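Geometric and topological summary
Below are the chains, spelled out letter by letter.
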Amino acid sequence: MSDATFADDYEAARQRFETGEYREAAVLFIDLVDRSALEPPLHGTTELRLYLARSYYHSAQLARAEEILRAMLVDHRDDHYALLLLGRTLQRQSRHDEARPHLAMAKLLGGYDIDGPDIDGPDPRRG
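What comes next concerns the included structure. Each chain has its residues counted from 1, running along the sequence as written. It should be noted that, the model being predicted, local features are given only for residues of pLDDT at least 70 and side-chain atom pairs only at 80 or more, the latter also being counted only at that level, while totals for whole chains, interfaces and linings use all residues. The basis for every side-chain value is the complete set of non-hydrogen atoms in the structure, without hydrogens or water.

Points about the packing of helix α4 (residues 62-75) against helix α5 (residues 80-92)
What counts as an axis is a line fitted to C-alpha atoms, over the stretch in contact for a helix, and the angles between N-to-C directions run from 0 to 180 degrees. Secondary structure elements follow DSSP: runs of H or I no shorter than four residues count as helices, runs of E no shorter than two count as strands, and numbering proceeds from the N terminus. At their nearest, the axes of α4 and α5 sit 9 Å apart, and the two run at 150° to each other. The angle between the axes of α4 and α5 places the two elements in the roughly antiparallel class. Helix-helix and strand crossings are classified by hand; for α4 and α5 the assignment is left-handed. Counting all contacts with α4, which are made through Leu62, Ala65, Glu66, Leu69, Arg70, Met72 and Leu73, the residues of α5 involved are Ala82, Leu83, Leu85, Leu86, Thr89, Leu90 and Arg92. Here the contact of α4 with α5 is built from residues that sort into ten nonpolar, one polar and three charged. An angle below 35 degrees is read as roughly parallel, one above 145 as roughly antiparallel, one from 65 to 115 as roughly perpendicular, and any other as oblique. Note on convention: near helix rotated counterclockwise from far helix by under a right angle means a left-handed crossing. Clockwise means right-handed. Here, two residues are considered to be in contact whenever any of their heavy atoms come within 4.5 Å of each other. Under the scheme applied, nonpolar residues are Ala, Val, Leu, Ile, Met, Phe, Trp, Tyr, Cys and Pro; charged residues are Asp, Glu, Lys and Arg; polar residues are all the others, including Gly.

Here we look at the nonpolar core
One recurring pattern in soluble globular proteins is that nonpolar side chains are buried together. By nonpolar core we mean a set of buried residues, namely Ala, Val, Leu, Ile, Met, Phe, Trp, Tyr and Cys, connected to one another through side-chain atoms within 4.5 Å. Whether a residue is buried, partly exposed or exposed follows from its accessible area with a 1.4 Å probe, protein chains only, as a fraction of its type maximum: under 20%, in between, or over 50%, in that order. Counting 32 residues, the largest nonpolar core has Phe29, Leu52 and Leu69 as its most contacted members. Ranked by residues supplied to this core, first place goes to helix α3 (residues 46-58) with seven residues. Residue contacts for leucine 52: discarding those within four places in its chain leaves Ala26, Phe29, Ile30, Val33 and Ile68.

Let's talk about the packing of aromatic side chains
Ring pairs shown here join Phe, Tyr and Trp side chains whose ring centres sit within 6.5 Å, with only the six-membered ring taken for Trp; geometry is labelled stacked below 30 degrees between planes, edge-to-face above 60, and tilted in between. Tallied over the entire structure, the rule returns four aromatic pairs. Aromatic side chains phenylalanine 17 and tyrosine 51 sit 5.3 Å apart centroid to centroid with 80° between the ring planes, which places their arrangement in the edge-to-face category. Highlighted residues: phenylalanine 17 in helix α1 (residues 6-18) and tyrosine 51 in helix α3, separated in sequence by 34 residues. Residue classification places tyrosine 51 among the buried residues on the basis of a relative accessible area of 11%. Between the aromatic rings of phenylalanine 29 and tyrosine 51, the centroid separation amounts to 5.0 Å while the plane-to-plane angle is 5°, which identifies the pairing as stacked. Of this pair, phenylalanine 29 sits in helix α2 (residues 22-36) while tyrosine 51 is found in helix α3, placing the two residues 22 residues apart along the sequence. Residue phenylalanine 29 is classed as buried on the basis of its relative accessible area, which comes to 0%. Joined through ring pairs, the aromatic side chains of Tyr10, Phe17, Tyr22, Phe29 and Tyr51 make up one cluster. Charge over a ring is defined by NZ of Lys or CZ of Arg lying within 6 Å of the ring centre and within 35 degrees of the ring normal. The ring of tyrosine 57 has arginine 92 lying over it, and the distance from NZ or CZ to the ring centre is 4.6 Å.

A short note on the packing of α1 against α3
The N-to-C vectors of α1 and α3 enclose an angle of 30°; their axes lie 11 Å apart at closest approach. When the axes of α1 and α3 are compared, the pair comes out roughly parallel. Here the hand of the crossing between α1 and α3 comes out left-handed. Mapping the contact onto sequence places Phe6, Tyr10, Arg14, Phe17 and Glu18 in α1 and Glu47, Leu48, Tyr51, Arg54, Ser55 and His58 in α3.

Below is the structure:
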C-alpha cells in the first residue's frame, strides 16, 4: 500500500468488500492483517481476519477461507459468526458432515436459524 494510514487502507479494503470486489478486498485485508501485528495500536486481528475470510468465501476461495477461520477458532472457540462461516464454507465444498458440528455450535451460541437438512441430517421429504 502507499503512504496512506492504516485507517485509510482499512476503509479502502472495506469499500472494496462492500461493493462486491471480494478478490481485491482480500488482497488488501491480507496486507492489513500483516501490518496490524507491527503497527500501533496493536488491537489484534480478529475483525480483519474475519473480513479476510468473508472475502475469500464470497470469491469462492474456500480453502483459504477455511484456513483463516480454523486459525481464528483456535484463539476464539466461541466466535459464533466464525463457526457459522466455517460451517457454510465446508458446506460449499460438499463437506456436510464436517460442517454439521460447526453449524450446531453457531446456532447454539449465536441463535442463527439454521435448522433443516444442512444441520439436522438428510431431509426425509426427499425420499
